Amino acid sequence: SNLCNFKCRSCRPEWSSTWAKEAKSNHNHPYRDWDGYIPRHNLTEEQFIDKFRDTFKTVERIYFAGGEPLAAKEHYWILKHLIEVGNTDVWVEYNTNLSMLKNNKLKLSVVDYWKEFKNVNLRVSIDGSGARGEYIRSGTDWKVIVENFKYIKENLPHVNMGISSVFQLTNALHLPDFYQGFLDSGILDIKDLNNVFVIPLTGPAQLSSRILPKELKLKVEEKWENFLSILPDNVNLKGYVDTCIGYMNEEDLYESNKSDFVVFTTYLDKIRNENFGEVFPELKDYYEKVL
């Protein structure tokens, strides 16, 4: 479902219930034309499991996405049933914001379930560190994310940790610093970078890295080149970064589209009580004087 406790800048109402609530309750919202329809079911736990009971006997891999899967009761129903039938060899994989190892609403801890499975793979959705990460993925408490990362690394060594990042205007210059910081602190190690995905943002168009000015695009390339030079040649991250840089350089949209970014960003800043220029001083002068 779209059940989610975040409203990331690159997301939309149909993928986040928090986004949907914001879009409905604010006049002239960028997604004000969204019709609000999300297909839903209203099944009990028993009815839900019955729909997939035979599949659960033979399934080898389950991929949980969202919304935020750790917020969804159905996710816990599935894990509970797999444990009960003894199918804990199954691969369980996630894209998650990792904000809720404990789901207070459901009074459940996902850690209690992950301990029972032999193969757990996490790709945590993070687009930056500190205030930048909190701004891009609104709802993030950076301290909590770091603590949860460390807890899993220390207490669930069988869990394969990784990151999924969206390469966009706001973080293209910052992401190398974020990854370097995680390596320096020991939260990630080199092998973890083989479970890292960095993909270019293609929508919403007003956040595209193609709207960076040429001067900053050159700095982005330089920062990534310096960071990647310290990594072994066979690290998967390099291929993803090459794709992102290539996408960024396919078009120069700074002059033609920068006002779209400013309008979108200024509106969200206003209703969220946030400030782009304070969080991204390295970008401030290129965009704040556009309108």
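All values reported here derive from a predicted model rather than from experimental measurement. Every chain begins its residue count from 1, and numbering advances along the sequence as written. Per-residue local features of the predicted model are confined to residues with pLDDT of at least 70, and side-chain atom pairs are confined, for both listing and counting, to 80 or more; whole-chain, interface and lining totals are unaffected and use all residues. Side-chain figures throughout are based on the complete set of non-hydrogen atoms in the structure, without hydrogens or water.

Asks: Tell me about the nonpolar core, residues and numbers included.
Replies: The nonpolar core is taken to be a set of buried Ala, Val, Leu, Ile, Met, Phe, Trp, Tyr and Cys residues, with the residues joined through side-chain atoms within 4.5 Å. Note on exposure labels: buried denotes an accessible area under 20% of the residue type's maximum, exposed denotes more than 50%, and partly exposed covers the range between, all computed with a 1.4 Å probe on protein chains only. Residues W114, F149, F167, Y179, W224, L237 and Y287 are the most contacted members of the largest nonpolar core, which totals 90 residues. Per element, the largest residue contribution to this core is six residues, and it comes from helix α10 (residues 254–272). Contact between two residues is taken to exist if any of their heavy atoms lie within 4.5 Å; hydrogens are not considered. Not counting the four nearest positions on each side in its chain, F167 is found in contact with A172, L175, V198, I199, P200, L201, S209, V220, W224, C244, I245 and M248. Helix and strand definitions here come from DSSP, where helices need a minimum of 4 consecutive H or I residues and strands a minimum of 2 consecutive E residues; each element is numbered from the N-terminal end.

Asks: Can you break down helix α8 (residues 214–228) residue by residue, with the values?
Replies: Take the residue count of a helix, subtract one, and multiply by 1.5 Å to get its expected span. With 15 residues, α8 ought to run about 21 Å at 1.5 Å a step, and its terminal C-alpha atoms sit 21 Å apart, in line with that. Among the residues making up α8, those that are buried are L216, K217, V220, W224, F227 and L228. Around the axis of α8, the buried residues are gathered within 105° of arc, so they sit on the same side. Exposed and oriented more than 90 degrees from the buried face of α8 are K214, L218 and E225. Note: the arc covers the axis-to-C-beta directions of the helix.

Asks: Break down helix α7 (residues 175–185) for me, citing the residues and quoting the values.
Replies: Looking at α7, one finds that the buried residues are L175, P176, F178, Y179, F182 and L183. Summarising the axial view, the buried residues of α7 lie within an arc of 165°, below the 170-degree limit, and thus occupy one face. Of the surrounding secondary structure, the elements contacted by the buried residues of α7 are α6 (142–155), β8 (159–167), β9 (196–200) and α8. Where α7 ends, the next residue or the one after it, G186, has phi of about 85°, a positive value.

Asks: Go over the environment of M248, please, and point to the residues and values.
Replies: In this fold, M248 is placed in helix α9 (residues 237–249). A sequence separation of 231 residues divides M248 from S17, and the C-alpha atoms of the two residues are 30 Å apart. Ignoring any residue separated from it by four or fewer positions in sequence, one finds M248 in contact with F167, S209, R210, L212, K217, V220 and E221.

Asks: I'd like to hear about the pattern of salt bridges, residue by residue, with values.
Replies: Salt bridge, as applied in this entry: a Lys or Arg side-chain nitrogen positioned within 4 Å of an Asp or Glu carboxyl oxygen. What the rule picks out here adds up to 23 salt bridges. Where D50 meets R53, a salt bridge forms, and the shortest distance between an N and an O atom there is 2.6 Å. Taken together, the residues span about one helical turn, with D50 and R53 both in helix α2 (residues 45–58) at a distance of three residues. The exposure class of R53 is partly exposed, given its relative accessible area of 33%. Its salt-bridge partner being K214, residue D252 comes within 3.6 Å of it at the nearest N-O pair. One end of the pair, D252, is in the loop between α9 and α10; the other, K214, is in helix α8, with 38 residues separating them in the sequence.

Asks: An account of the side chain of D192 is needed here, citing residue identities and associated values.
Replies: Positionally, D192 belongs in the loop between α7 and β9. Between N or O atoms, a polar contact is any pair within 3.5 Å; within protein, one atom must be a potential hydrogen donor and the other a potential acceptor, and residues adjacent in sequence are included only when both atoms are from side chains. Reaching out from D192, the side chain makes a polar contact with the side chain of K153 at a distance of 2.8 Å. Look past the residues within four positions of D192 in its chain and what remains in contact with it is K153, M161 and I187.

Asks: Tell me about the sheet that holds strand β6 (residues 119–125), and name the residues and values.
Replies: Strands pair, by our definition, only if DSSP identifies at least two bridges between them. With parallel pairing, five strands are arranged side by side in an open sheet as β2-β3-β6-β8-β9. The two strands at the open ends of the sheet, each matched to only one other strand, are β2 (61–64) and β9. Each neighbouring strand pair of the sheet contributes to a mean axis angle of 15°, computed without reference to strand direction. Two elements, β6 and β8, share six bridges in a ladder whose sense is parallel. When the sheet's bridge partners are listed, N121 is paired in β8 with N160. Packing of α6 onto the sheet brings it into contact with β6 and β8, and relative to β8 it is tilted by some 150°. As a rule, the C-alpha atoms of each element are fitted with a line to give its axis, helices using only the stretch in contact, and angles between N-to-C directions run from 0 to 180 degrees. Together, β8 and β9 form the strand contacts of α7, whose direction differs from that of β8 by roughly 165°.

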